[in-house]
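A structural walkthrough
Residues per chain are reported as follows:
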Amino acid sequence: MQVHLNYLYKKNTDNLTHYILMKKTALRALPLLTILAAGCSTGNSPDLKLNDLEYFERQGVNVLVYNNTFSGGFNDEKNSGIEIIHHGVRTVQGGAVRLVNTPEQWDLVPTTVSREVNAEDNSVEVVLRYEDYDFDSRIVVTGKGPAVEIAVYLDKPVPKELEGDAGLNLEFLPSQYWNKTYLMDGRLNRFPRYTASETVARPNTEKVKQFKGYRTYDDRGTGEFVDPLPLETGHAITMAPDDPERMIRITSDEGFSLYDGRILAQNGWFVLRSVLPAGKTGKVVSWTVEPNAVEGWVREPNIGFSQVGYQPGQPKVAVIELDKLDKPQASASLWRIAEDGSEKQVFTGKVVEWGPYFKYNYVKFDFSEVTDPGIYYIKYGDIATGNFLIDEHVYDRITDATSDVWIPIHMNHMTVNEGYRIWHGEPFKEGYLQAPANTDHFDLHSQGAIDTKYKALQLIPGLNVGGFFDAGDFDIETGSNISVVQNLVTLWEVFKPMRDETFVDEDQRYVDLHRPDGIPDIIQYIEHGTLNLVAQAENIGHMSQTLSNSVLDNYHHLGDAAAITDGLHYDPRLKPYQKSADGKSSGTPDDMWAFTTRNPGLDLRAATMFAAASRALRGYNDNLADRALAASKRLQQEANEILAARAAQNPNGRAFNAGNDLATNLQLYVATGQREKHYLNSFENQIWEALDRNVNNTISVAMDAIPYMELNYKSKLAPYVEKYKEYLDSFEEDNPYGVPIGLGNWAGSGSVVSFGTTASFAAKYFPEIIDKSYAYKAVNYLFGCHPYHNYSLVAAVGAARPKAVFYGNNRADFSFIPGNVAPGVLFRHPDHFENYDDWPFLWGQNEGTIAGNTGYLIFGQAFLNIAKQ
Ligand SMILES: [Ca+2]
Ligand SMILES: [Ca+2]
Ligand SMILES: [Ca+2]
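Residues numbered from 1 in each chain as written. Chains lettered and ligands numbered in written order. Predicted model: local features only at pLDDT ≥ 70, side-chain atom pairs only at ≥ 80, totals over all residues. Heavy atoms only, no water.

1. As for the overall build of the chain
In terms of regular secondary structure, the chain is built from 17 helices and 41 strands. Relative to a compact globule of 869 residues, whose C-alpha radius of gyration would be 29 Å, the chain shows 28 Å and is just as compact. Based on the C-alpha atoms only, the size of the chain along its principal axes is roughly 80 × 75 × 60 Å. Within the chain, the fraction of its 869 residues that count as buried is 62%. (Helix = DSSP H or I, 4+ residues; strand = E, 2+ residues; numbered from the N terminus. Rg over C-alpha atoms; globule rule 2.2 N^0.38 Å. Buried < 20%, exposed > 50% of the residue type's maximum accessible area, 1.4 Å probe, protein only.)

This is the structure we're talking about:
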């Protein structure tokens, strides 16, 4: 849930370029042909055979064996091990030796010591290791006809302390199996829609330790943990005989049990598990797994188009994703729905081949010539899409839900109301304690030596004000919050959005959605972010890394943020769960912590942001504007002194990030009312060299400077914009969607938003070089023209089919918070894109972030600015 990627609204796309170039050489040059070849050679075979991408394949069934490995701790761990992609959907994963019945996110995972592919044997062998227990196991998966055998081998017996705990597990996606039937040794059952199976409470001493000794549960003083009991136990299970695309049969002489992992954690899966026998070596467990393959199955084409619709004059190209065994249609057509409900074919056009991209083939259908406003749908072969609009105004409201709903719901330290519903009460009333020295944090932060005037676990006053929840979690990630305020100030200064749909009262600590209060919302959001960040600078003395949960058992909280802590000051003299006589403190150690370890780079970013915030707040909240400016000057001076001292101590060390300095100099020039020319001189001294070094990385900040520079600056910049155009065009070669598609463990909508923002500013300043088509590609992608499915990735925005489930704090309800931008289509090695819309719980696909969503606001405004020209 942590966000350590760059969510600044237009930031480095350089690494991405790199990645893409690598991928192009790696994939385009070589294996793409082999993917096709593999498809042709194995696609029609009834047997599961290893293909050139090193997974077992027959048409409709892919069995991956550690193409994706476990990483431990912060990762979902629902993305790894033995995985089955069953008729296009990844329904099975987690095949591994695991140490509990239904593993949670922070349970121990094995490291993959080695992975060996044996093509002759049609098998893959992986060696797994639990370092903590010096415990190795080997998993051998062998294709045998239409099935695979999964076998566990031990060279040494299971360590004594793991006897009864170590077992072979395989996990099944609840949303694809619930309500379907299964038979265990012939006994009839149905997978439950909601979990209500049985558990036992066992002493904590019997609990296998969790990642780094963290604990995912609050035992309420019982000294016991909860262990799920099986739904069923037997030797042969057939799942979903009622659904041929999900049907799977598994048998084992050793026997297994089926569990419902949702009983411990809402993101749990159904788990099939065989405990490894004690005292044995050799082949200790063997399963035969046969996923059903539907005869003659070909994946239905995914017709990508903008669910929000199109402006009459813009390019309109649908990208159609096809199974590699599918034969492309020669043409597709556009149908129009009239006001009387009648339908008529109005356009037929050629379908043009783009070619293979990872697992599928792509063709395009260009219907740009259709310009009459109206209601339309696409027909390709037998498939008719949902309808969409062609109209000048289709994009007018694309940021309203984000601005009116998503962002205010993420305001911390406030009660947030909407109509009859309280989204959350006022969180963290007891404030934040100094994090103890040398503490690692599960959300990837750490506290070194204490560098403030406070003692460990002492209350740092004044921090429970303002700020925004990071994402689906509730911490104030300082770096993200700095980006948020910076994003909002940019939005305010460039576009002056006067929209007022939100009531914000900092004295009442109350937010009411859809209630105008006479003040532009963006100014109120800038104020709210600044209140917390200034409080950090004033009370801690510098910026914290994060204000976050102190215990893992309340970090994974779902629901009302006000219920995460008890609102009472922690008093270690009381017993856990005991309240003081005056009702003001408790012995429950649930208070949030401030991780204060100083980072002068972060302080410099804060200094830049504070300068911008003071400018925006001037005349609206002068007191806060003054405090922000004072913090800016002090932090800048102190941070530079610290950095200079460090440089003196370590003359060969790397200087502070020059790219960041470039932006800071520009910001400070603007912040000082353009009086301090030396900032501008520094900027000018650096910008051309930075552009020469990396134009894609630097063009955005270079364009930011245009309003403040002499006229010849723009003409000097033009050749770089030409180079930038080559970069933008390179995406047409890279993938059928023509936008950067990230392949990391956090999917890439953020990069598409950045791409669209920079392309929009380029189209504004250099329309003769960069036309609007690049920005349109970005909106197309976000609103439905992307791999896997064609739903809009932005929750509830003006589309016929927006995504319906997201990883927000209401994710346990399989719901969304309007205006959220999903990370989107997640890449799974070696060739699968995925975005679950019936399962919210994978953050890499479905979580939105405060920095990302405020970045989307800027993109929306920048895009509308050129789209309306
Ligand atoms: Ca976080
Ligand atoms: Ca307002
Ligand atoms: Ca408390």
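2. Examining the coordination of the calcium ion (ligand 2)
By definition of the ideal shapes, a tetrahedral metal site with four donors has angles of 109.5 degrees and an octahedral site with six donors has angles of 90 or 180 degrees. Those protein atoms acting as donors to the calcium ion (ligand 2) are D500 (OD), T502 (O), D517 (OD), I519 (O), D521 (OD) and Q524 (OE1), and they sit at 2.3 to 2.5 Å. Metal-centred angles of 81 to 176° between the six donor atoms at the calcium ion (ligand 2) mark the site as octahedral. Sequence positions of the residues that donate to the calcium ion (ligand 2) give the spacing D-x1-T-x14-D-x1-I-x1-D-x2-Q. Taken together, the residues span a long stretch of sequence, with D500 in the loop between α5 (478-495) and β34 (502-505) and D517 in the loop between β35 (510-513) and α6 (521-539) at a distance of 17 residues. (Donors = N, O, S within 2.8 Å, 3.2 Å for Na, K, Ca; no water. Tetrahedral: all angles 85-135°; square planar, octahedral: opposite > 155°, others 65-115°.)

3. Focus on the packing of aromatic side chains
The tally for this structure, following the rule as stated, stands at 49 aromatic pairs. With a centroid separation of 5.2 Å and 45° between ring planes, the pair formed by F305 and F388 is classed as tilted. Taken together, the residues span a long stretch of sequence, with F305 in the loop between β19 (302-304) and β20 (317-322) and F388 in strand β26 (residues 388-390) at a distance of 83 residues. Between Y776 and F863, the ring centres sit 5.5 Å apart and the planes meet at 85°, which makes this aromatic pair edge-to-face. Of this pair, Y776 sits in helix α15 (residues 773-782) while F863 sits in helix α17 (residues 850-867); the two residues are 87 residues apart in sequence, bridging distant segments of the chain. Here the two residues Y776 and F863 agree in accessibility, since each one is buried. Members of the aromatic cluster, each reached through a chain of ring pairs, are W354, Y357, F358, Y362, Y737, Y781, F827 and F833. (Phe/Tyr/Trp six-rings, centres within 6.5 Å; stacked < 30°, edge-to-face > 60°.)

4. Considerations on the coordination of the calcium ion (ligand 1)
For the calcium ion (ligand 1), the full set of protein donor atoms is D443 (OD), D470 (OD), D473 (OD), D473 (OD), D475 (OD) and D475 (OD), at a range of 2.3 to 3.1 Å. Angles of 45 to 147° at the metal separate the six donor atoms of the calcium ion (ligand 1), which places the site in the irregular class. One chain supplies every donor for the calcium ion (ligand 1), spaced along it as D-x26-D-x2-D-x1-D. With D443 in the loop between β30 (439-440) and β31 (446-447) and D470 in the loop between β32 (459-460) and β33 (476-477), this pair connects stretches of sequence that are 27 residues apart. Both residues of the pair, D443 and D470, belong to the buried class.

5. Thoughts on the sheet that holds β35
In spatial order, the strands read β28-β27-β35-β34; together these four strands make up an open sheet with mixed pairing. Edge strands, defined here as strands with exactly one partner in the open sheet, are β28 (421-424) and β34. The mean angle between the axes of side-by-side strands here comes to 20°, regardless of whether they run parallel or antiparallel. Two strands pair when backbone bridges link them, and strand β27 (residues 415-418) and β35 are joined in this way by three bridges, in the parallel orientation. Bridge pairing links T415 to Y510 in β35. Sheet contacts for helix α4 (residues 400-409): β27, β28, β34 and β35; angle to β35, the most-contacted strand, approximately 150°. (Pairing = 2+ DSSP bridges. Axes fitted to C-alpha atoms, helices over the stretch in contact; angles between N-to-C directions. Contact = heavy atoms within 4.5 Å.)

6. Focus: the environment of D692
Position of D692 relative to the elements: it lies in helix α11 (residues 677-693). With 28 residues separating them in the primary sequence, D692 and Y720 have C-alpha atoms 8.3 Å apart. Reaching out from D692, the side chain makes a polar contact with the side chain of Y720 at a distance of 2.6 Å. (Polar contact = N/O pair within 3.5 Å; in protein donor to acceptor, adjacent residues only side chain to side chain.)

7. What about the environment of V127?
Residue position: V127 is located in strand β7 (residues 123-130). Note on V127: relative accessible area 17%, which makes it buried. The sequence separation of V127 and K716 amounts to 589 residues, and the corresponding C-alpha distance is 58 Å. Each residue touching V127, except ones within four places of it in the same chain, is listed here: T111, T112, V113, S114, S137 and R138.

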